[in-house]
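Examining the three-dimensional arrangement
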Amino acid sequence: YRLKMGCEDMGSNSQISQEQTIPILQTTIKSALNAIPMEIGLIVYEVLRNNDGQIIDWVIRDANEKSLKDFGQSIESFVGRKATEIYGDNDQMKLLFERSQEILTTGEAHRFEIKVPWNGQRLLMAFLRYDEKTLIHTAMDLTDQRLAEETLKVKEEELNLALDIAQMGTWSWNIPQDVVECSK
């Protein structure tokens, strides 16, 4: 990926023939990779298509430290690998390839939550289009948050059951408004 920048002298009609080639992944995206908080993984993929134009895989082009740590990889061993080598060639990947086709076509980012089949992690994932063949993917681990929510729900159900069995209830008093609310 290279970005060509032409310079034009605004004071005259002559165009400066100086072109600079800037590796995008080493500037713009690399800055974004390093600016992301450590709890968010970020990976840049180049899509691979078959002869019919369907996305059949992604090649990892860059990643931040969080993603490298999550996969136990060095940047050298991670970049250049196909997504199916790392994540497996399964139904979930086929679904992600279909979604990435839609993202590249419409240009609209997609955000969704998944459960990772091999380790049970709950991830909030987002994919966005960088250009016609590049996707940027972020992932945030929600496993602890979802576990806490499930635990809280179970504890609330247990409390409500205990209150029902004891034929008791709860109440709260809003002193400024002098209002009392009762559960029963």
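The sections below set out a description of the structure shown in this document. (Residues numbered from 1 in each chain as written. Predicted model: local features only at pLDDT ≥ 70, side-chain atom pairs only at ≥ 80, totals over all residues. Heavy atoms only, no water.)

**Describing the sheet that holds strand β4 (residues 55-63)**
For the record, the criterion: When DSSP finds two or more bridges between a pair of strands, those strands are recorded as paired. Numbering of helices and strands runs from the N terminus, with a helix taken as a DSSP run of H or I at least four residues long and a strand as a DSSP run of E at least two residues long. Fitting a line to C-alpha atoms yields each axis, with helices limited to the stretch in contact; the angle taken between N-to-C directions then spans 0 to 180 degrees.
Reading across from one edge, β4-β3-β7-β6-β5 is the order of the five strands in this open sheet, with antiparallel pairing throughout. The open sheet has two free edges, formed respectively by β4 and β5 (110-115), since each of these has just one partner strand. Put simply, the sheet's adjacent strands are angled 30° from each other on average, direction ignored. In this structure, strand β3 (residues 40-49) lies alongside β4, joined through seven bridges in antiparallel fashion. Looking at the pairing, valine 44 lines up with aspartate 62 of β4.

**Concerning the side chain of threonine 84**
Let me state the cut-off plainly: Should any heavy atoms of two residues lie within 4.5 Å, those residues are considered in contact.
Counting through the fold element by element, threonine 84 comes out in helix α4 (residues 83-87). Residues within four places of threonine 84 in sequence aside, it is in contact with Asp57, Asp89 and Phe97.

**A look at the pairing of strand β8 (residues 171-174)**
The sheet contact formed by β8 and strand β9 (residues 179-182) spans four bridges and is antiparallel. Considered in β9, the bridge of serine 172 is made with glutamate 181. Connecting β8 to the antiparallel partner β9 that follows it, the hairpin turn spans four residues, and aspartate 178 within it adopts a positive phi of roughly 50°.

**Some details on the pattern of salt bridges**
Under the convention used in this document: For this analysis, a salt bridge means a side-chain nitrogen from Lys or Arg found within 4 Å of a carboxyl oxygen belonging to Asp or Glu. Throughout this description, buried means an accessible area under 20% of the type-specific maximum (1.4 Å probe, protein chains only), exposed means over 50%, and partly exposed covers the range between.
This structure, assessed with the given rule, holds eight salt bridges. The partner of arginine 61 in a salt bridge is glutamate 46, and the shortest N-O contact between them spans 2.9 Å. Of this pair, arginine 61 sits in strand β4 while glutamate 46 is found in strand β3, placing the two residues 15 residues apart along the sequence. Put simply, aspartate 89 and lysine 94 hold a salt bridge, and the shortest N to O gap is 3.7 Å. The class of lysine 94 is partly exposed, set by a relative accessible area of 40%. Overlapping salt bridges, with partners in common, bring together Glu113, Arg122, Arg146 and Glu149 in one network.

**Considerations on unusual backbone geometry**
Backbone geometry at glutamine 167 places phi at a positive 50°, although glycine is not the residue there. Residue placement: glutamine 167 occurs in the loop between α6 (143-165) and β8. Overall, glutamine 167 belongs to the exposed group, its relative accessible area being 72%. We note that aspartate 178 has phi near 50°; this positive angle belongs to a residue other than glycine. Among the secondary structure elements, aspartate 178 is positioned in the loop between β8 and β9.

**Overview of the environment of valine 180**
Examined against the element boundaries, valine 180 turns out to sit in strand β9. On the basis of relative accessibility, which here comes to 49%, the residue valine 180 falls in the partly exposed class. Here valine 180 is in contact with Trp171, Ser172 and Trp173, once residues within four sequence places are set aside.

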